[in-house]
Amino acid sequence: MALADPATHSSASGIFPTPPGVDMTDLFLPMLIMSDPPRHTQLRHLVSKAFTPRRITELEPHIHSIVDDLLDQVPVAGPWDFVSRFAGPLPAIVIADMLGVPRKDRDQFRNWSTTLIQSNPTRGEFGPGLDAAAALYEYFSAFLTERRAHPRDDLMTALVQAEVDGEQLTDDELLGFCLLLLVAGHETTTNLLSNSAVILAQHPDTRRQLADNPDLIPAAVEELLRYDSPVQGLARTLTQQVDLHGQPMKAGDTVLLLFGSANRDDHAITDADHFDINRRPERQVAFGRGIHFCLGASLARLEARVALQALLARHRDWDVDLDSAVRLHSGPIRGYASLPVH
């Protein structure tokens, strides 16, 4: 399996298919997701020390509070935009609060993140995304300086202070991780929730089952991730020739690992195109596998579980207006820029 063979399927040259002559590593500062061992091993160990299960578990009461506040502000009958009113703000607020970002900057964070994710590198669309990345780098650079001078009990301070064998993250690595955390930790959950709203509207019997049995929601989150993965695939660069199904691919070729396709593979999953919350949850690969397994997977699962439980407790039924919905156009990222519901 390619995800389990990073020595052959390298991430260091970028994770998005790009036009010829474009190197993603020239466009962004170093990122954990675009690195190979041994540096990846060191970086992940450092970052993991600031992203512990305890820190995630302690967030649950706060996430409940954010979810309740957001749902208090949406119309009972609708219509309203599920993305801008609920699925988008929730992870943006959580990530901003984790990092220690002032609440007055949340809207700007959301705008930068949306602009960045809407830029499609597979079509050579870099301008607006790079401008947003530059603005984020400038913001976080000042933020890092402030946290070094005045440490607090937040993730940014923990990242600044994280140390293994006397080694800390460099400023460029810290800035790259902040950008990755904002996009991956924010957009993935936003799209998971908006995709889930559509799937559950299309499967009202399952939706009512979950409303009546909230204990089924964690398993349902795994099936929602499998059935319509927020990240459909990421690229790798081959370090040696690989033959797959009789097709030779040479060293230096870029290959696209399609998580969404793997999650619908009938060879691995029985009746894969059928939505079934009773499946074994470990079968999906929406968060990847191996050394690049999503560091924020537990946070995304927690946010989705809390959000869906609260949503179903208040609203057992809803419809989505897919004719008026606006899809994201962002390469492998699958979700909605706007999703009217009522």
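Residue positions are given per chain, counting from 1 as you read along its sequence in written order. Only residues with pLDDT of at least 70 get local features here, since the model is predicted, and only at 80 or more are side-chain atom pairs given and counted; chain-wide, interface and lining totals rely on the full set of residues. The side-chain numbers reported here are obtained from all heavy atoms of the structure, hydrogens and water having been left aside.

Engineer: So what about the overall build of the protein chain? Which residues, and what values?
Structural biologist: Secondary structure assignment for the protein chain yields 13 helices and 9 strands. Computed over C-alpha atoms, the radius of gyration of the protein chain comes to 20 Å, within 12% of the 20 Å expected from 2.2 N^0.38 for 342 residues, which places it in the range of a compact globule. Here the C-alpha coordinates of the protein chain stretch approximately 60 × 50 × 35 Å along the principal axes. For the protein chain, buried positions account for 52% of its 342 residues. Residues count as neighbours in contact if any of their non-hydrogen atoms are within 4.5 Å of one another. Within the protein chain, contacts between residues separated by at least 24 positions form 70% of all contacts whose residues are at least 6 apart in sequence. In this tally, Lys and Arg are treated as positive and Asp and Glu as negative; His is ignored, and so are the chain termini. Charge positions come from single atoms, namely NZ of Lys, CZ of Arg, CG of Asp or CD of Glu. Of the side-chain charges in the protein chain, 30 are positive and 45 negative, and the distance between the mean point of each set is 3 Å. Strands here mean DSSP runs of E at least two residues long; helices mean DSSP runs of H or I at least four residues long; both are numbered from the N terminus. Radius of gyration means the value over C-alpha atoms here, while the globule rule gives 2.2 Å times the residue count to the 0.38 power. Throughout this description, buried means an accessible area under 20% of the type-specific maximum (1.4 Å probe, protein chains only), exposed means over 50%, and partly exposed covers the range between.

Engineer: Explain the pairing of strand E3 (residues 233–238) to me, using residue names and the numbers behind them.
Structural biologist: Counting buried positions along E3 yields 6 of 6 residues, so the element is predominantly enclosed. Across the two faces of E3 the burial is the same, with Gly233, Ala235 and Thr237 and Leu234, Arg236 and Leu238 all buried. Pairing between strands requires that DSSP locate at least two bridges from one strand to the other. Strand direction decides the pairing type here: strand E1 (residues 9–10) and E3, joined by 2 bridges, are antiparallel. Counted as the bridge partner of His9 is Leu238 from E3. Looking at chain direction, E3 and strand E6 (residues 254–258) are connected through 5 bridges and run antiparallel. Paired with Arg236 across the strands is Val255, a residue of E6.

Engineer: Outline the pattern of salt bridges, supporting the account with residue identities and numerical values.
Structural biologist: Salt bridge, as applied in this entry: a Lys or Arg side-chain nitrogen positioned within 4 Å of an Asp or Glu carboxyl oxygen. Here the structure, examined in full by the defined rule, presents 19 salt bridges. Note that Asp68 is salt-bridged to Arg314, the shortest N-O span being 3.8 Å. A residue pair is termed long-range when its members are at least 10 positions apart, and Asp68 in helix H3 (residues 60–72) and Arg314 in helix H13 (residues 297–314) qualify at 246 residues. Residue Asp68 is classed as partly exposed on the basis of its relative accessible area of 34%. Residue Asp228 pairs with Arg334 through a salt bridge whose shortest N-O separation is 2.4 Å.

Engineer: Could you give me a rundown of the sheet that holds E1, with the residues and numbers involved?
Structural biologist: By definition, the strands of a sheet pair up through backbone hydrogen bonds, in either a parallel or an antiparallel sense. Taken together, 3 strands build an open sheet; the order of strands is E1-E3-E6 and the sheet is antiparallel. A strand with exactly one partner marks an edge of an open sheet, and here the two such strands are E1 and E6.

Engineer: I'd like a rundown of the packing of helix H11 (residues 217–227) against H13, residues and numbers included.
Structural biologist: All axes here are fitted lines through C-alpha atoms, helices being fitted over the stretch that makes contact, and every angle between N-to-C directions spans 0 to 180 degrees. Where H11 contacts H13, the two axes come as close as 9 Å, and the packing angle between them is 115°. Relative to H13, the element H11 lies roughly perpendicular. Crossing hand, H11 versus H13: right-handed. Of H13, the residues touching H11 (which contributes Ile217, Pro218, Val221, Glu222 and Leu224) are Arg301, Ala304, Arg305, Leu308, Gln309 and Leu312. Here the angle decides the label: under 35 degrees means roughly parallel, over 145 means roughly antiparallel, 65 to 115 means roughly perpendicular, and every other value means oblique. Two helices that cross are described as forming a left-handed crossing if the nearer one is turned anticlockwise from the farther one by less than a right angle, and a right-handed crossing if clockwise.

Engineer: Explain the packing of helix H9 (residues 171–202) against H11 to me, using residue names and the numbers behind them.
Structural biologist: Taken N-terminus to C-terminus, the directions of H9 and H11 make an angle of 95°; their axes are 10 Å apart at the nearest point. Overall, the two elements H9 and H11 adopt an arrangement that is roughly perpendicular. In contact with Leu192, Ser196 and Ile199 of H9, H11 contributes Leu224, Leu225 and Tyr227. In the scheme used here, Gly and all other residues not listed as nonpolar or charged are polar, with Ala, Val, Leu, Ile, Met, Phe, Trp, Tyr, Cys and Pro taken as nonpolar and Asp, Glu, Lys and Arg as charged. For the contact of H9 with H11, the residue count by class is 5 nonpolar, 1 polar and no charged.

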